[in-house]
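This is what each chain is made of:
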Amino acid sequence: MQRKTDQVYWKGIVKMNSSIIDFLKEYLVFIVCGVAAFSIILLIMLIVSLVKIRKLNKKYSLFMNGKNAESLEDVILKRFSEIDELKFSDRVNKSDIKRIDENLMVTFQKVGMVKYDAFKEMGGKLSFSLALLNSRNDGLVLNSMHSREGCYTYIKEIVKGESFIVLSEEEKEALDQAIRSNDFNIKI
């Protein structure tokens, strides 16, 4: 009984193999063309990959050897020295900026000016009061009065926005202008 089953089994396998063989015979041309096309595509991809690898190797060799016999180590050391120079320059710049800021604290930064007629018989507003202050409102008020007989100039010290000597109306107005402004706004 076993033998008969084995024969049926083998007949089925042979029948199946013959159908596969028939299928392969029928489509053999297409299979061969497909395998050939796939092989050509793989060959092209291999050639492209080899070309790219060759270019990469050239770039790598050039990078490692440097240009004009200049080694990679020399390039890196040069860049480090440039970075050190930039750090030093930055420190110098910061020091200079700090010194400039300190100088600006004592320079005149605020200005106020009022022109007026000191004497009624004179016209043209030839007299003036000029206030010059630093950032802490320390400075001076310069008052120049022009008359037919001559020109008289007075200076009064200002400390923290105030004078120890009595100011005229024009001097007060010039001082107020200077205190309120940080730029050179001059009212004429």
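All figures in this text were calculated on a predicted structure; none of them were measured in a lab. Chains are numbered independently. Their residues run from 1 in the order of the written sequence. With the structure being a predicted model, the display of local features is reserved for residues of pLDDT at least 70 and the display and counting of side-chain atom pairs for 80 or more, all residues being used for whole-chain, interface and lining totals. Neither water nor hydrogens contribute to the side-chain values; these are computed over all heavy atoms in the structure.

Some words on the overall build of the protein chain
Quick reminder of the rule: Strands are runs of DSSP state E lasting at least 2 residues, helices are runs of H or I lasting at least 4, and numbering of each runs from the N terminus. Only protein chains enter the accessibility calculation, which uses a 1.4 Å probe; a residue whose area is less than 20% of its type maximum is buried, one above 50% is exposed, and one in between is partly exposed. Whether two residues touch is decided by their heavy atoms; if any such pair falls within 4.5 Å, the residues are in contact. Only the protein chains shown count as cover for residues, and the accessible areas themselves come from Shrake-Rupley with a 1.4 Å probe.
When you go through the protein chain residue by residue, the secondary structure sums to three helices and five strands. Beginning at the N terminus, the succession of helices and strands in the protein chain can be written as α-α-β-β-β-β-β-α. In the protein chain, buried positions account for 18% of the 188 residues. Residue pairs in contact within the protein chain that sit at least 24 positions apart in sequence constitute 45% of those at least 6 positions apart. Of the accessible surface of the protein chain, which amounts to about 15300 Å², a share of 64% is contributed by carbon and sulfur atoms.

Observations regarding the pattern of salt bridges
Cut-off, in case you're wondering: In what follows, salt bridge is the name for a side-chain nitrogen of Lys or Arg lying within 4 Å of a carboxyl oxygen of Asp or Glu.
Overall, the coordinates contain four salt bridges when judged by the stated rule. The closest approach of N and O atoms between Glu82 and Arg79, which form a salt bridge, is 3.3 Å. Note that Glu82 and Arg79 are positioned in helix α2 (residues 72-106) at a spacing of three residues, about one turn of the helix. The class for Glu82 is partly exposed, based on a relative accessible area of 31%. Residue class for Arg79 comes out partly exposed when judged on its relative accessible area of 44%.

Re the sheet that holds strand β2 (residues 127-133)
Test applied: Strands were regarded as paired on the criterion that DSSP finds at least two bridges between them. A fitted line through C-alpha atoms represents every axis, and for helices the fit uses only the stretch in contact; the resulting angles, taken between N-to-C directions, go from 0 to 180 degrees.
With antiparallel pairing, the five strands of this open sheet are ordered in space as β1-β2-β3-β4-β5. Each end of this open sheet is capped by a strand with a single partner; those strands are β1 (110-116) and β5 (162-163). Note that β1 and β2 share seven bridges and pair antiparallel. Its bridge partner lying in β2, Tyr116 is registered against Ser127. The sheet strands contacting helix α3 (residues 169-180) are β1, β2, β3 (139-146) and β4 (151-159), and the helix crosses β1 at an angle near 150°.

Overview of a nonpolar patch on the surface
Heads up, the condition is: Residues enter a patch when their relative accessible area is above 30% and they make no salt bridge; the linking distance is 9 Å between like charges and 5 Å between nonpolar side chains (Val, Leu, Ile, Met, Phe, Trp, Tyr).
A cluster of nonpolar side chains, namely Phe23, Leu24, Tyr27, Phe30, Ile31 and Val35, defines an oily patch on the protein surface of about 580 Å² accessible area. Assignment of secondary structure puts Phe30 in helix α1 (residues 2-65).

Some words on the side chain of Asn134
The topology assignment puts Asn134 in the loop between β2 and β3. Excluding its chain neighbours within four sequence positions, the residues that come into contact with Asn134 are Met105, Val106, Thr107, Phe108, Gln109 and Lys110.

Structural notes on the confidence of the model for the protein chain
Here is the rule: For every residue, the predictor assigns a confidence score, pLDDT, that lies between 0 and 100.
Summing up the model confidence of the protein chain, the mean pLDDT is 80 and the portion of residues at 70 or higher is 80%. In this model residues 184-188 is a low-confidence stretch, pLDDT under 50, and it forms twelve contacts with partners more than four residues away in sequence or in other chains.

Quick look at a positive patch on the surface
To keep it simple, the criterion reads: Note on charges: Lys and Arg go in the positive column, Asp and Glu in the negative column, and His and the chain ends are not counted at all. Lysine's charge is taken at NZ, arginine's at CZ, aspartate's at CG and glutamate's at CD.
Residues Lys52, Arg54, Lys55, Lys58 and Lys59 make up a contiguous surface patch of positive charge. Within the fold, Lys59 resides in helix α1. By relative accessible area, Lys59 is classed as exposed at 61%.

Observations regarding the pairing of β4
Here eight bridges tie β3 to β4, and the two strands are oriented antiparallel to one another. Bridging from a neighbouring strand, Asn143 pairs with Tyr154 of β4. Hairpin connection, β3 to β4: the antiparallel pair is bridged by four residues. Two elements, β4 and β5, share two bridges in a ladder whose sense is antiparallel.

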